[in-house]
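# Commentary on secondary and tertiary structure
So you can see what is in the structure, the chains are spelled out below.
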Amino acid sequence: MTDQNTVSADPNDLDAILSVENPYVDEAVHAVADNCDAIFTWDYEKGARPALNKLYEKAKHSQWNGETDLPWDTDVDPEKLTAQVFGTEPMWEAIGMNVAGTPLASWGSAEWVKMHMEMQNWSLSQFMHGEQGALICTAKIVETVPWIDAKYYAATQVMDEARHVEVFAKYLDTKLTGHYPLNAHLGMLLDDIISDSRWDMTYLGMQVMVEGLALAAFGTMHMITPDPLLKQLLRYVMSDEARHVAFGVLSLKEYYAELSDAELFERQQFAFEAAIHMRDRLLSQEVWDRMGVSPKVAIMASKRGDNERLEDPFQMMLFSKIVPNCKKLGLLDANNGWLRQKFGEIGVIQFEDWADTSEEFLDFDAVNADRAAAAAESA
Ligand SMILES: [Fe+2]
Ligand SMILES: [Fe+2]
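Predicted model only: the values in this text are computed from it and were never measured.

## A few points about the overall build of the chain
- For the chain, the helix and strand inventory stands at 16 helices and zero strands.
- In terms of overall dimensions, the chain is globule-like: its C-alpha atoms have a radius of gyration of 21 Å, near the 21 Å expected for 379 residues.
- Dimensions of the chain along its principal axes, counting C-alpha atoms only, are 65 × 60 × 40 Å.
- Across the 379 residues that make up the chain, the buried fraction comes to 42%.
- When contacts within the chain are restricted to residue pairs at least 6 apart in sequence, those whose partners lie at least 24 apart make up 83%.

## Topic: the environment of A298
- Looking at the element boundaries, A298 is found in helix α11 (residues 295-302).
- Note: C-alpha distance between A298 and D280 (18 residues apart in sequence) is 14 Å.
- The contact partners of A298, leaving out residues within four places of it in the chain, are L104, W288 and V293.

## So, the nonpolar core
- Grouped together as the largest cluster of nonpolar side chains are 78 residues, with contacts concentrated most on M209, A271 and A275.
- Among the elements that take part in this core, helix α8 (residues 228-256) stands out by supplying 13 residues, more than any other.
- Filtering out sequence-adjacent residues up to four positions away, A275 remains in contact with M209, F319, I322 and I346.
- Residues M115, M117, Y180 and V287 belong to the second largest nonpolar core, which totals 10 residues.

## Here we look at helix α14 (residues 334-345)
- Helix length check: α14 (12 residues) gives 17 Å between terminal C-alpha atoms against 16 Å at 1.5 Å per residue, within 8%.
- G347 sits one or two residues past α14 and shows a positive phi near 75°.

## What about the packing of helix α2 (residues 50-61) against helix α5 (residues 148-175)?
- Viewed as axis vectors pointing N to C, α2 and α5 meet at an angle of 25°, and their least axial separation amounts to 9 Å. Between α2 and α5, the angle is such that the two are roughly parallel. The element α2 and its partner α5 pack so that their crossing is left-handed. Facing α2, whose interface residues are L52, N53, L55, Y56, A59 and K60, α5 presents D149, A150, Y152, Y153 and T156.

## Some points on the confidence of the model for the chain
- With 93% of its residues at a pLDDT of 70 or more, the chain shows a mean pLDDT of 90.
- Confidence scores differ between elements of the chain, with helix α15 (residues 357-360) showing the lowest mean pLDDT of 66 and α5 the highest of 98.
- Between residues 1-5, whose pLDDT stays under 50, and residues either more than four places distant or in other chains, the model counts six contacts.

## Some thoughts on unusual backbone geometry
- Unlike most non-glycine residues, N335 shows phi in positive territory, near 50°.
- For N335, a count of 14 C-beta atoms within 10 Å puts it in the partly exposed group.
- Despite not being glycine, N336 has its phi angle at roughly 55°, a positive value.
- Assignment of secondary structure puts N336 in helix α14.

## Section: helix α16 (residues 366-378)
- Over its 13 residues, α16 extends 18 Å from the first C-alpha to the last, a length consistent with the 18 Å expected when each residue adds 1.5 Å.
- The buried count for α16 comes to one of 13 residues, which makes it a mostly uncovered element.

The rules behind these values
Each chain carries its own residue numbering, running from 1 in the direction its sequence is written. Numbering of ligands from 1 and lettering of chains from A proceed in the order in which they are written. Local features in a predicted model are, by the rule used here, given only for residues with pLDDT of at least 70; side-chain atom pairs are given and counted only at 80 or more, and totals for whole chains, interfaces and linings are based on all residues. For helices the rule is a DSSP run of H or I covering at least 4 residues; for strands it is a run of E covering at least 2, with both sets numbered from the N terminus onward. To get the radius of gyration, use the C-alpha atoms; to get the globule rule, take the number of residues to the power 0.38 and multiply by 2.2 Å. Each residue is classified by how many other C-beta atoms fall within 10 Å of its C-beta atom, where C-beta atoms are placed from the backbone; a count of 20 or more means buried, 12 or fewer means exposed, and values in between mean partly exposed. By definition, residue pairs are in contact when their C-beta atoms, positioned from the backbone, come within 7 Å. A set of buried residues drawn from Ala, Val, Leu, Ile, Met, Phe, Trp, Tyr and Cys, joined through C-beta atoms within 7 Å, is what defines a nonpolar core. Expected helix span is taken as 1.5 Å per residue step, with the number of steps being one fewer than the number of residues. Note on method: axes are straight lines fitted to C-alpha atoms, helices fitted across the in-contact stretch only, with angles between N-to-C directions ranging 0 to 180 degrees. By definition in this entry, angles of less than 35 degrees are roughly parallel, angles greater than 145 are roughly antiparallel, angles of 65 to 115 are roughly perpendicular, and the rest are oblique. For a crossing to be left-handed, the near helix must be turned anticlockwise from the far one by less than a right angle; the clockwise case is right-handed. A score between 0 and 100, pLDDT records how confident the predictor is in each residue.

Below, the structure written as structure tokens:
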């Protein structure tokens, strides 16, 4: 990791978190050195890793078309949808905020509705940028992973991620009211992942950490949104993402079994720094800036309890996939439970016994479920 991107000594120092400058705002393109060798393998035995082979076959079967498989003719009225979900008058308590004594306390209907519309623009923009990160990372995995079954599978994921970038960009452009640039914390994380020379770090950063959080975040938005187009879009994206996380967990489980404690410690540190970057990205400081409210004031109003941590139970739920996957990889327990303790310090360790995604991905296959239902209907 570069010095600039290293998490500060106190991961709960809110002033330090908010003072990170965003280098991505004024760029047209962004270059990151990826520091890797492209690896050929001469072992072409397909199915030497049966679990990866099964995922590959499943992925070939579950491809969908972002242009034709989604109801793009749906009329989307962001203001109406916002009001449907969050009401037209401020209900701070219902979203877990205590705004007494802050400028938010004097907000009326207009600001309340606008803030939620901006949050939606912001969230989907970050999803879109994250998807481009996934596109680049999986292209890198095709090059760097030494196993043919993994190269095959990763190649299908490159196509999946291209489709995800495409559908989020189209939804933002044609249905919502504005874009946001890449969040600085998410950007630093993507830069760290892409620039690392070790092939497994691309997996750990992208497939386990970023995609694990995305899967939980998409699930939450899918549950909340009344828009049938966005619901369907997220349902299909999630059915791909669950496979992606499973790919990461299955591949790393094999590789991490061979690593020394010192090597595992580097992976534990990387996973913790990734978790911190993701937690910090979720503070959505750009939205508060755009609404003319100090991000620090708004973030402190979201904080529950009087401890020194940046805990927001709504946001912490987003770690419900990451923590069990880290456990499955042995990262919580290695080196006397270093990562377990660190996850405890940021308030996410309670998810360790939730389902891990290497077992869960079949439940998410919405594409095949819809096809089977359509076939049954026409029979
Ligand atoms: Fe994706
Ligand atoms: Fe993905």
